[in-house]
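Examining the three-dimensional arrangement
Listed below, chain by chain, are the residues.
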Amino acid sequence: MAADEGYSKIAVVGTGGYGWHFLKALVHSNHFATVRAVTRNCINDAAKHARIRQLKELGIQIFEYDEATEKAFEVAFKDIDIIVSAVGVAGVPDQIPMIDGALLAGAKWFIPSEYGVVYYPSVWMPFASPLAAKSLVQDHLFTAAKSKGLAHTIVYTGLALDYLDPRSIGLRLAKRTATLVGRGGTPVTFTSVHDVVHLIVDIVKRPLEMQNRTVRYAGSTAKMRDLIKVVTGSNCGEHLKIVSIDEAKERFCELARTQNMKAFQVYARLLIEEGLAQINRHREPLDNSLFLTLLPEPVHRTLERLMSRASAVDGVAHMRHGPLHRSDTGSSVTDGLGEVDKKDCSPASSSSDSDSN
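This structure is a prediction, so every number in the text was calculated from the model and none was measured.

Turning our attention to the sheet that holds strand β6 (residues 151-156). If you trace the seven strands from one edge of the open sheet to the other, you get β3-β2-β1-β4-β5-β6-β10, paired in parallel fashion. Edge strands, defined here as strands with exactly one partner in the open sheet, are β3 (61-65) and β10 (213-216). Geometrically, the sheet is characterised by an average inter-axis angle of 20° between neighbouring strands, direction not taken into account. Here strand β1 (residues 9-13) pairs with strand β2 (residues 34-40) via five bridges, running parallel. In the strand pairing of β2, A11 is matched with R36.

Okay, here's the thing in structure tokens:
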């Protein structure tokens, strides 16, 4: 099917993680006359150069920039109609000059890098959230960009268990152990990588229907204690360590003050227990009915799939090589909060723990 008139040229910012899969899926859809990858120039990144070579072989245009400036993005988006941002957390602030460059280039539609949870501020946290910059990007889109003719779409899909390192939410798949913050009873939205990619491709094929709106799509909803039962076979016992919310908050602040990256992973666990990883926590309607051709993978199936290929050596279930996932740093929330100690397996509960059923 041909692209809608005036929406035949698309660019994706980012060539790793989701960006890689967006680009491949877009070019294989045969829907767009132009598919362009926009990426930062990294001279000494051999893995990135290998990815770019593969993208070129698929017929994807490549544009590399040195600095994330309005001018650089204006050039990058020349003759482009749709821009899909797939930058990681560190690149979220770069989306403001990205939007300004899109305006100067005459682009028509900008989809910021979300594909995750809705940002809600935590009342207890004494630091700015790593996700707070996303709200600034959205404000920029809603005000300056929209008034100047740049359409937007915000896409929330919850957590992708096969994109994260499962250890970052306390699941050590090969060892069949887990670390739980609180009681694990709050709902969490999950959507697999495959389903997120196909959702985005479906959205960009429907500009008139999908512009200037928020899309909330849930592959499935589950509670952490349900996932832990799949991994460990039980919600208690020697394979599970329970950390109180107060203890986790204290550990987060300790790590954050020293700018230790493990702080973000502890924060993610607190975010889950606080209920902030459910994309419709205020009963907002889901938009699954708009995408009936998508048959999402339930999260327990995703988890079983990851467990089947987990390394018996270090428990890394996601692919260590290739562009699908974030690079494996070896750090995880179990590093920040401690792994299961079979000498002390008693649950450490707190009066501040809450259980949403």
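Next, the rest of the story.
Our focus in this paragraph is helix α11 (residues 299-309). Every buried residue of α11 is accounted for by V299, T302, L303, L306 and M307. Buried residues in α11, looked at end-on, bunch into an arc of 135°, giving them a common side. Buried residues belonging to α11 abut β7 (171-172), β9 (187-190), β11 (220-223) and α8 (224-232).

Attention now goes to the pattern of salt bridges. Applying the stated criterion across every chain yields a total of eleven salt bridges. When the shortest N-O distance is used, the salt bridge between R40 and D94 registers 3.3 Å. Of this pair, R40 sits in strand β2 while D94 sits in the loop between β4 (82-85) and α4 (95-105), placing them 54 residues apart in sequence. For R40, a relative accessible area of 29% translates into the label partly exposed.

Attention now goes to the nonpolar core. General note: in soluble globular proteins, nonpolar side chains tend to be found buried as a group. Core analysis: the largest hydrophobic core is formed by 69 residues, its most contacted members being F77 and L171. Take this core: its biggest share by element is six residues, from helix α10 (residues 262-273). In terms of nonpolar packing, the next biggest core, distinct from the first, is built from 38 residues, V12, V84, Y163 and V196 among them.

For the rest of this paragraph, the subject is the pairing of β1. Most of β1 sits inside the fold, with four of its five residues counted as buried. Of the crossover connections in this fold, the one passing from β1 over helix α1 (residues 18-28) to the parallel β2 is right-handed.

What follows is about the sheet that holds β7. With mixed pairing, the three strands of this open sheet are ordered in space as β7-β8-β12. Sheet topology places β7 and β12 (240-243) at the edges, where each strand pairs with a single neighbour. As defined by bridge partners, strand β8 (residues 177-181) adjoins β12 across four bridges and the pair is classed as parallel. Bridge pairing links T179 to K241 in β12.

The residue E247 is located in helix α9 (residues 245-257) in this model. E247 sits in the partly exposed class, given a relative accessible area of 37%. Residues E247 and V181, spaced 66 residues apart in sequence, show a C-alpha to C-alpha distance of 8.8 Å.

The next point concerns unusual backbone geometry. Even without glycine at this site, D79 takes up a positive phi of about 70°. Tracing the backbone through its elements, the reader meets D79 in the loop between α3 (70-76) and β4. Look at R176: it is not a glycine, yet its phi comes out positive at around 60°.

On to helix α5 (residues 132-147), then. The end-to-end C-alpha distance of α5 is 23 Å, a good match for the 22 Å that 16 residues give at a rise of 1.5 Å each. The largest bend in α5 is about 35°, located at L141. All buried positions along α5 are accounted for by A132, A133, K134, V137, Q138, H140, L141 and A145. Where α5 is buried, its residues meet α4, β5 (109-111) and β6. A positive backbone phi angle near 95° is found at G149, which sits one or two residues after α5.

Reading guide: rules and limits
Residues numbered from 1 in each chain as written. Predicted model: local features only at pLDDT ≥ 70, side-chain atom pairs only at ≥ 80, totals over all residues. Heavy atoms only, no water. Pairing = 2+ DSSP bridges. Helix = DSSP H or I, 4+ residues; strand = E, 2+ residues; numbered from the N terminus. Axes fitted to C-alpha atoms, helices over the stretch in contact; angles between N-to-C directions. Buried < 20%, exposed > 50% of the residue type's maximum accessible area, 1.4 Å probe, protein only. Arc of directions from axis to C-beta. Contact = heavy atoms within 4.5 Å. Salt bridge = Lys/Arg side-chain N within 4 Å of Asp/Glu carboxyl O. Core = buried A, V, L, I, M, F, W, Y, C linked by side-chain atoms within 4.5 Å. Right-handed = clockwise from strand over helix to strand, strands pointing away. Expected span 1.5 Å × (residues − 1). Bend = angle between axes of the 7 residues up to and from the residue.

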